[in-house]
Amino acid sequence: TTESEIDSIMKNLLSEEKIFVWIVASTHQGEEEVIVQVHQLLKNEFEKASLGYQRLLTILAPRHPERSETLHAYLHDKMRLSCVLRSSLRGK
């Protein structure tokens, strides 16, 4: 994730938009593929329905933090999702 991507994500999080936050914690390897599919389904449903939310934010916290880099690569590079590691936000 580049510095400009991090800045963009932070700017969006601090906006006035109504954001639906889905927190998925203590995940194990293999579960993230299902979570990505559910995220996409929820995002599509939010776009179709008038629920008052303008965005969906999924916060994913793996059970084993040492998996974070690999998970980030999977989400960002393979799945082409906008994502950021919390550890890269220090000082923001």
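A short tour of the structure in this document, coming up. (Residues numbered from 1 in each chain as written. Predicted model: local features only at pLDDT ≥ 70, side-chain atom pairs only at ≥ 80, totals over all residues. Heavy atoms only, no water.)

Our focus in this paragraph is the nonpolar core. Core analysis: the biggest nonpolar cluster contains 6 residues, these being Val-36, Leu-71, Tyr-74, Leu-75, Leu-81 and Cys-83. The greatest single-element share of this core, amounting to 3 residues, is contributed by helix H3 (residues 68–78). Beyond its immediate chain neighbours, meaning those up to four positions away, Tyr-74 contacts Glu-33, Val-36 and Met-79. (Core = buried A, V, L, I, M, F, W, Y, C linked by side-chain atoms within 4.5 Å. Buried < 20%, exposed > 50% of the residue type's maximum accessible area, 1.4 Å probe, protein only. Helix = DSSP H or I, 4+ residues; strand = E, 2+ residues; numbered from the N terminus. Contact = heavy atoms within 4.5 Å.)

For strand E1 (residues 19–27) and strand E2 (residues 55–62), the ladder comprises 8 bridges, and the chain directions are parallel. In the sheet register, Val-21 faces E2, and the bridge partner there is Leu-57. In this fold, E1 hands off to helix H2 (residues 31–48), which returns the chain to E2; that crossover is right-handed. (Pairing = 2+ DSSP bridges. Right-handed = clockwise from strand over helix to strand, strands pointing away.)

A complete count under the given rule lists 2 salt bridges for this structure. When the shortest N-O distance is used, the salt bridge between Arg-67 and Glu-32 registers 3.0 Å. Remark: Glu-32 occurs in helix H2 and Arg-67 occurs in the loop between E2 and H3; sequence separation between them is 35 residues. Residue Arg-67 shares its accessibility class with Glu-32, and that shared class is buried. Among the ionic pairs, Lys-48 bridges to Glu-45, the shortest N-O distance being 3.4 Å. Highlighted residues: Lys-48 and Glu-45, both in helix H2, separated by 3 residues, approximately one helical turn. Judged by relative accessible area, which is 64%, Lys-48 ranks as exposed. (Salt bridge = Lys/Arg side-chain N within 4 Å of Asp/Glu carboxyl O.)

There is a patch of nonpolar side chains on the surface, built from Val-21, Ile-23 and Ile-59 and spanning about 260 Å² of accessible area. Tracing the chain through its elements places Ile-23 in strand E1. (Patch = residues over 30% accessible without salt bridge, like charges linked within 9 Å, V, L, I, M, F, W, Y side chains within 5 Å. Areas by Shrake-Rupley, 256 points an atom, 1.4 Å probe, with all protein chains shown as cover.)

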